[in-house]
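Here is how the chains run, residue by residue.
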Amino acid sequence: MDEASRLLEIDRLGVLDTPPEPVFDAIVAAALAATGMPIGLISIVAAQRQWFKSSIGLGDITETPRSISFCSHAIEQDELLEIPDARQDPLFASSPLVTAGHRVRHYAGIALTTAHGARIGTLCLLDTLPGVLSPSQRELMVHLGRVTTQVLEQRSALLQQIDQAQALHRDLKRSEDFLQRTNTAAKVGGWELDLDTSEVRWTRETKQIHGVRFSYQPTFESALSFYRQDSRSIIQTAVQRCVEDGTPWEVQLPMSTADGRSIWTRVVGNRQQVEGHPRLVGAIQDVTEERAALDALEASEVRYRRLFHYSLGLICTHTLDGTLTSVNPAALQSLGYEERQIIGRSLCDYMPPERREVFNAYLKRIEANHTDAGVIELIAADGTLRYWAYNNVLDSEGQPPFVLGHAQDVTALRLQEQRLRELSLKDPLTQCHNRRYLHRLDEMTAGTWACLVFDLDDFKRINDAQGHRRGDAILVEFAAFLKAPLSAGETVVRLGGDEFLVVLTASASERLALLEGWYDTNAAQSPTAFSMGAAVSAPGESVADTIHHADSQLYDARARVRTQRRDDQQQRPL
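Okay, so let's go over this structure. As the structure is a computational prediction, the values presented were derived from the model and not from experiment.

**A short note on the overall build of the protein chain**
The helix and strand inventory of the protein chain stands at 17 helices and 20 strands. By the compact-globule yardstick of 25 Å for 574 residues, the protein chain is too spread out, its C-alpha radius of gyration being 36 Å. The buried share of the protein chain, taken over its 574 residues, is 45%. Nonlocal contacts in the protein chain, meaning residues at least 24 apart in sequence, comprise 56% of its contacts between residues at least 6 apart. Looking at the protein chain as shown, the accessible area adds up to about 30100 Å², and 51% of this sits on carbon and sulfur atoms. One finds the centroid of the 59 positive side-chain charges in the protein chain at a distance of 4 Å from the centroid of its 76 negative side-chain charges.

As structure tokens, then:
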């Protein structure tokens, strides 16, 4: 990426010349604790200067000229740049950072690469004594560099969303103050209902939206009459809830104006105390032109309103034994808990029991490595599973040390992946497993297993004589026939065409004999005649070879039947 594009990336992140933030100091502190070096920085390499987003051990210095910067060279490297002794390095030996000031000797810096591939700065460590990082320390620096970049990206996205949410909040406040802040250009009107006197008041813009004269004096009943009967019940329910428990409301509904226009309106309301009287106050807006984009707009408004009140990043802190010490509202919302229900308890309490040993292993890793990343499973208040992709770091400078966690809710992605995986293994006609199941079978059959193969007799004749629609129906019925005697752990696979496979993984030999007998005894219940073969796997034998043995038995059985039929026909008297 060229220099101009790199500088645009710095502008996009909006981090240059911003105040210090604890999360970046925590990352630097983690790097210092792991290496023992005295000076740590998160630097942003601008056009003419190197500015420090986080600085530990460098005093009040917040930036240096780019021309003398070690980090200007580090951002040109694909890997971590380490200078064991700057006095011995011809590139840096004469630098004023080496010959004066802090007299830097040992430098280690990893470039911070954004999502768009721009190297905007570094996470770097400095020492006044020569030295060399160990392989594990170098690996930790690389990982912390990635964490720093992820936090910068999340911070940028969050700031953009907060700006949008604040703008939306101001718009909502203008609509609530119906007398003073109604936006005439946006066709927003205000309304008010006095709960003591039942008096209704509309602004001029509200009357324009309804197509009535400015002298018109509405009542609650006449206001409802502009809406269809089903829409009136929605408004009445919302108003009743607002009156009873103060629940604010927002709806979008169609209405017919007094001058004959059919429009869509957005109506919001809440309960307030105005001059000592309880009132419902709200706004109405003609959103007819925007109706085509209503769903996207509504989702954005809800998201931004929530963002005004809550940070959208899933952030929490916990001790080294897993006890939660803080959880941000976005994380609480993801799980559906209130703060009082979760603070002071172990994160382990919200995990499936079978995953708790995994959590204990995570605690050991993060205590040893000061950082960890992965996916964690949590049980929400409604009993469903939530999947969080996390990148956590240990702040060992805290007393006591604590883990700072950053996560993203990837539940929907996980569920979609599971659904697609299930669909890829299903035959759409019979709902049996398809041939892809055999790849899983290779992984599942560490021990002995058995199978039965089936082939429908003269199935081509059925398709030719009765049509493929009837043929498909017979395949579905035959699949149901095969499933009828099966128990847990026994599976039907459609191999293709009119070929089926029954897989047995538990008590394979004994169960195989029972099922062979059942299919022979109940063959009359099958929608058509079939041939059958069986096989038990041998040690070290592949799945394909076992199925081949069963196929061979099927063909032998079919040949015997055909020979017998021919002999019977020859022995019949003419």
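**A word on the pairing of strand 7 (residues 188-194)**
Most of strand 7 sits out of view: seven of its seven residues are buried. Burial of strand 7 is two-sided: the residues Val188, Gly190, Glu192 and Asp194 facing one way and the residues Gly189, Trp191 and Leu193 facing the other way are all buried. As paired elements, strand 7 and strand 8 (residues 200-202) share three bridges and run antiparallel to each other. Residue pairing across strands places Glu192 opposite Arg201, the latter belonging to strand 8. Connecting the antiparallel pair strand 7 and strand 8 is a turn made up of five residues, with Ser198 showing a positive phi of about 65°.

**A few points about the environment of Phe481**
Turning to its location among the elements, Phe481 is positioned in helix 15 (residues 468-483). Separated by 46 residues in the primary sequence, Phe481 and Pro527 have C-alpha atoms spaced 8.2 Å apart.

**Some details on the sheet that holds strand 14 (residues 371-379)**
Strand pairing in a sheet relies on backbone hydrogen bonds, with the paired strands running either antiparallel or parallel. Spatially, 13-12-16-15-14 is the arrangement adopted by the five strands of the open sheet, whose pairing is antiparallel. Edge positions in the sheet fall to strand 13 (324-327) and strand 14, since each of these pairs with one other strand and no more. Each strand axis lies, on average, 30° off the axis of its neighbour in the sheet, ignoring direction.

**Some details on the sheet that holds strand 7**
An order of 8-7-11-10-9 is seen for the five strands of this open sheet, with the pairing classed as antiparallel. At either margin of the open sheet sits one strand with a lone partner, and together these are strand 8 and strand 9 (249-256). In this sheet, adjacent strand axes meet at a mean angle of 25° when their direction is disregarded. Relative to strand 9, helix 8 (residues 229-245) is tilted by about 150°, and along the sheet it contacts strand 9, strand 10 (262-274) and strand 11 (277-286).

**Comments concerning the pattern of salt bridges**
Evaluation of the coordinates by the stated rule reveals 28 salt bridges. A salt bridge links Arg49 to Asp17; the shortest N-O distance between them is 2.6 Å. Taken together, the residues span a long stretch of sequence, with Arg49 in strand 2 (residues 49-56) and Asp17 in the loop between helix 1 (3-13) and helix 2 (22-35) at a distance of 32 residues. In this structure, Arg345 engages Asp349 in a salt bridge whose closest nitrogen and oxygen atoms are separated by 3.5 Å. By relative accessible area, which is 40% here, Arg345 ends up partly exposed. Among the charged side chains, a network of salt bridges with common partners joins Glu192, Asp194, Arg201 and Arg279.

**Points about the nonpolar core**
Ile120, Leu123, Met141, Leu144 and Leu152 are the most contacted members of the largest nonpolar core, which totals 32 residues. Residue assignment for this core shows that the elements contributing at least two residues are helix 1, helix 2, strand 1 (39-45), strand 5 (106-113), strand 6 (119-127) and helix 5 (135-176). A per-element tally of this core places helix 2 first, with eight residues. With residues near it in sequence (within four places) discarded, Leu152 still touches Leu13, Val15, Phe24, Leu112 and Ile120.

**Considering helix 16 (residues 508-521)**
Under the 1.5 Å per step criterion, the end-to-end length of helix 16 is 20 Å for 14 residues, consistent within 8% with the ideal 20 Å. All of the buried residues along helix 16 are Ala508, Arg511, Leu512, Leu515 and Tyr519. The arc that holds every buried residue of helix 16, seen down its axis, measures 105°, which confines them to one face. Along helix 16, the residues that are exposed and aim more than 90 degrees away from the buried face are Glu510, Leu514, Asp520 and Thr521. Summarising the contacts, the buried residues of helix 16 are in contact with strand 17 (450-456), helix 15, strand 18 (490-496), strand 19 (499-504) and strand 20 (530-536).

Thresholds applied
Residues numbered from 1 in each chain as written. Predicted model: local features only at pLDDT ≥ 70, side-chain atom pairs only at ≥ 80, totals over all residues. Heavy atoms only, no water. Helix = DSSP H or I, 4+ residues; strand = E, 2+ residues; numbered from the N terminus. Rg over C-alpha atoms; globule rule 2.2 N^0.38 Å. Buried < 20%, exposed > 50% of the residue type's maximum accessible area, 1.4 Å probe, protein only. Contact = heavy atoms within 4.5 Å. Areas by Shrake-Rupley, 256 points an atom, 1.4 Å probe, with all protein chains shown as cover. Lys, Arg positive; Asp, Glu negative; His and termini not counted. Charge placed at Lys NZ, Arg CZ, Asp CG, Glu CD. Pairing = 2+ DSSP bridges. Axes fitted to C-alpha atoms, helices over the stretch in contact; angles between N-to-C directions. Salt bridge = Lys/Arg side-chain N within 4 Å of Asp/Glu carboxyl O. Core = buried A, V, L, I, M, F, W, Y, C linked by side-chain atoms within 4.5 Å. Expected span 1.5 Å × (residues − 1). Arc of directions from axis to C-beta.

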